[in-house]
Amino acid sequence: MTFAAAPAAEATFHEISIREVYPGSNALPDSGYVELQMYSGGQGLVKGHALTVYDSAGATIGSFAFGANVANAANQQTILVGDSGVQAAFGVTPDLTNEAFEIRRAGGAVCWAGTIDCVAWGAFGGTTPSSSGKPADGGGIPDGTALRRTIEPLCGTLLEAGDDSGDSAADFFDAAPQPRNNATAIAEKACTGPATTIDAKPANPTKSTVASFAYHSTAAATAFECKLDAAAFAGCSSGEIEYAGPLADGTHSFQVRARDAAENLGTATLYKWRIDTVAPTALIDTHPADPSAGGTATFTYHASETGAKFQCSLVAVAAVDAFSECAASGKTYKELADGEYRFAVQATDAAANQGLAASFEWTVDNSLGDTTPPDTAIDSAPPDPSSQSTASFSYHSTETGSTFECRLEGAAFSPCPASGIEYSGLENGSHSFFVRAIDASTNVDPTPAGYTFAVALPQPPIVQPPLAPAAFPAPPPAVVGPPAAPTRRKRHCKRRRHASAHAARRRCSRHHAGSKGRAR
């Protein structure tokens, strides 16, 4: 027998739960075992990790550690720890066999790898490293019977993390022993339960406090389970169900799932809806003065619930209201004759609840005229500063049906579209825009709405002028040498300068003339 404390984890072994506990029988007391089962792949590295057995008082009977890993580590694979008589009793060899392995049927507990998973039964009165809750089989495990984990939450054949609630009495039930070692083929199959489609359901939202559903399965379903709000799933008739209620105002949820003949449970189909039995209240926000001229009579209103639709009525005071659909933005009447009128508006919400009408009575006297000017507001404008040469504006008036006049800079006001205006070709610098509304009674807004902004257009890149051709220095002046030496005759004339100037000129002239003659 090996008694050992579990060392630090070598690798994955923690997604393993205790599947079955068998204390042996009176006839074969040495055939007890504990079957572990993986609920995720790759959990076979169990070397050095131990299964610990406790008595009814919580004292340790033995701690049995694995000396090696197991070979098969697929999801749903089992590992068997047992006494020396398991092979003879069931024909299955435990993966870890120990003659000292003992499980006391009257009461005790088993824990895998310390705090990973624990289960208690019978008269167990001690504590376990992880929660084991209320012991299963309070009178002890019956002779020849095993404790097996209940597998239920999502799939009737696969062990999952959700199958462990930490309460032994809830998680385990009595069953015939079925030991499976690590070499045994996996018997579990993935659940592929039938899908369910909801065919009929309440509107969302609705004012009805009764909910009826119709549904069907895409495969051969043998049973359906339904669930309303926080209630547990319960069997329901094939095809339809009705909740008479009355259901309370607020959001509700309905789920339905199907089960086939192999007990495979399909994924639940969900539908949510909202019940609203409260009617909206209509409120009138603005109305004409009383008395006032009937050229234009404008009303605005709202409801206590967003998304409501409206109906309006305008009749003489003594008449019955005649409602028709009207816009949420308001209602305008024109060219009313003199008399006493009643305006009424009522709201209907998305759940079809219609509230009581709000009303206003007033006298139309066209001799009074409409002297109240409208007010103008600018809704959109260009940024300040703006890098564009265009500028767009939108605006509105406090009186429906108004016309508009606009001006840019110091120009005179001129008509402009109610939908807005755009200016182009703006130059750099400061600009100012003004707009004023004119109501149906030609009352002009005395305080036009204005907006001032600057335009700063991107400057074009500076273009450098082309470079002038390179200037080369002027050639140096020609070198002038000394005067040529005088000819022989000239020298002769110069040597005779001691004679009188007249005589010298005569002689030189003769020499010159004689030489010219000879040259010819």
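Everything here concerns the structure above.
Residues numbered from 1 in each chain as written. Predicted model: local features only at pLDDT ≥ 70, side-chain atom pairs only at ≥ 80, totals over all residues. Heavy atoms only, no water.

A. Spatial organisation of unusual backbone geometry. In this chain, Asn204 is followed by Pro205 through a cis amide linkage whose omega measures 0 degrees. The residue Pro205 is located in the loop between strand E11 (196-200) and strand E12 (211-217) in this model. The backbone of Asp137 sits at a positive phi, close to 45 degrees, despite the residue not being glycine. Structurally, Asp137 can be placed in the loop between strand E8 (117-122) and strand E9 (146-149). A positive phi angle is found at Asp229, which is not glycine, with a value near 55 degrees. (Helix = DSSP H or I, 4+ residues; strand = E, 2+ residues; numbered from the N terminus.)

B. Inspection of the pattern of salt bridges at higher detail. Applying the stated criterion to the full structure yields 15 salt bridges. Glu102 serves as the salt-bridge partner of Arg104, at 3.1 Å between the closest nitrogen and oxygen. (Salt bridge = Lys/Arg side-chain N within 4 Å of Asp/Glu carboxyl O.)

C. Summary view of the layout of surface pockets. In this structure, the largest pocket spans a volume of roughly 460 Å³. Looking at the largest pocket, it is lined by 20 residues, and the ones nearest its centre are His287, Pro288, Ala289, Thr296 and Glu399. Among the elements that line the lining of the largest pocket, the one with the most residues is strand E19 (residues 296-303), at four residues. (1 Å grid on protein atoms, 1.4 Å probe; cavity = no way out; pocket = protein on both sides within 12 Å on 5 of 7 lines; lining within 4 Å. Points joined across faces, edges and corners; volume = space filled by probe spheres on them.)

D. Broad picture of the state of the cysteines. Tallied over the full model, the rule gives four disulfides. In this model, Cys226 is linked to Cys236 through a disulfide, with the two sulfur atoms separated by 2.1 Å. Taking the sign of the torsion about the S-S bond as the criterion, the disulfide between Cys226 and Cys236, at about 70 degrees, is right-handed. Of this pair, Cys226 sits in strand E13 (residues 223-228) while Cys236 sits in strand E14 (residues 234-236); the two residues are 10 residues apart in sequence, bridging distant segments of the chain. With relative accessibility at 4%, the residue Cys226 sits in the buried group. Put simply, Cys312 and Cys326 are joined by a disulfide, and their sulfur atoms are 2.0 Å apart. Looking along the S-S bond of the Cys312-Cys326 disulfide, the torsion reads about 75 degrees, which is the right-handed sense. On the criterion of sequence distance, the pair formed by Cys312 in strand E20 (residues 309-316) and Cys326 in strand E21 (residues 324-326) is long-range, its members being 14 residues apart. Assigned by exposure class, Cys312 and Cys326 land together as buried. (Disulfide = S-S within 2.5 Å. Buried < 20%, exposed > 50% of the residue type's maximum accessible area, 1.4 Å probe, protein only.)

E. Summary view of the pairing of strand E2 (residues 33-38). In terms of burial, E2 is largely enclosed, as six of its six residues are buried. Of the two faces of E2, the one carrying Tyr33, Glu35 and Gln37 and the one carrying Val34, Leu36 and Met38 are both buried. Here E2 pairs with strand E5 (residues 78-82) via five bridges, running antiparallel. Opposite Glu35, over in E5, you have Leu80 as the bridge partner. (Pairing = 2+ DSSP bridges.)

F. Structural detail: the packing of aromatic side chains. Tallied over the entire structure, the rule returns 31 aromatic pairs. Judged by centre distance (5.7 Å) and plane angle (35 degrees), the ring pair of Tyr341 and Trp362 falls under tilted. With Tyr341 in strand E23 (residues 339-348) and Trp362 in strand E24 (residues 358-364), this pair connects stretches of sequence that are 21 residues apart. Assigned by exposure class, Tyr341 and Trp362 land together as buried. Between the NZ or CZ atom of Arg407 and the centre of the ring of Phe434, over which it lies, the distance is 4.8 Å. Lying over the aromatic face of Phe413, Arg436 brings its terminal NZ or CZ to 4.1 Å of the ring centre. (Phe/Tyr/Trp six-rings, centres within 6.5 Å; stacked < 30°, edge-to-face > 60°. Lys NZ or Arg CZ within 6 Å of the ring centre and 35° of its normal.)

G. Representation of the sheet that holds strand E10 (residues 172-175). The strand order E6-E5-E2-E1-E9-E10 describes an open sheet built from six strands, whose pairing is mixed. Among the strands making up the open sheet, the edge pair consists of strand E6 (96-97) and E10. Where strand E1 (residues 16-22) meets E2, six bridges bridge the pair, whose relative direction is antiparallel. Opposite Ser17, over in E2, you have Gln37 as the bridge partner.

H. Structural view of the environment of Asp290. Along the chain, Asp290 falls in the loop between strand E18 (282-286) and E19. Each C-alpha atom of the pair Asp290 and Asp365 lies 9.1 Å from the other, and the pair is 75 residues apart in sequence. Excluding residues within four positions of it along the chain, Asp290 makes contact with Phe360, Glu361, Trp362 and Thr363. A distance of 2.8 Å separates the side chain of Asp290 from the backbone nitrogen of Thr363, its partner in a polar contact. (Contact = heavy atoms within 4.5 Å. Polar contact = N/O pair within 3.5 Å; in protein donor to acceptor, adjacent residues only side chain to side chain.)

I. Highlighting the sheet that holds strand E15 (residues 240-243). One open sheet holds the three strands; their spatial order is E11-E12-E15, and the pairing between them is antiparallel. Looking at which strands have only one partner, the edges of the open sheet turn out to be E11 and E15. Strand-to-strand, the axes of this sheet are offset by a mean angle of 30 degrees, without reference to chain direction. Sheet topology note: the E11/E12 ladder contains four bridges and is antiparallel. Following the sheet pairing, Ala200 is matched in E12 by Ala214. (Axes fitted to C-alpha atoms, helices over the stretch in contact; angles between N-to-C directions.)

J. Highlighting the environment of Ser40. In this structure, Ser40 sits in the loop between E2 and strand E3 (50-54). In this structure Ser40 comes out as partly exposed when scored by relative accessible area, which is 22%. Note: C-alpha distance between Ser40 and Ala73 (33 residues apart in sequence) is 8.5 Å. Discounting chain neighbours no more than four positions away, the residues touching Ser40 are Glu15, Ala73, Ala74 and Asn75. Of the polar contacts made by the side chain of Ser40, one reaches the side chain of Glu15; its length is 2.9 Å.

K. Summary view of the side chain of Thr376. With respect to the element layout, Thr376 can be found in strand E25 (residues 376-380). Side-chain polar atoms of Thr376 contact the backbone nitrogen of Ala437, separated by 2.9 Å. Of the polar contacts made by the side chain of Thr376, one reaches the side chain of Asp445; its length is 2.7 Å. If we skip the residues at most four places from it in the chain, Thr376 touches His396, Phe404, Val435, Arg436, Ala437, Asp445 and Ala449.

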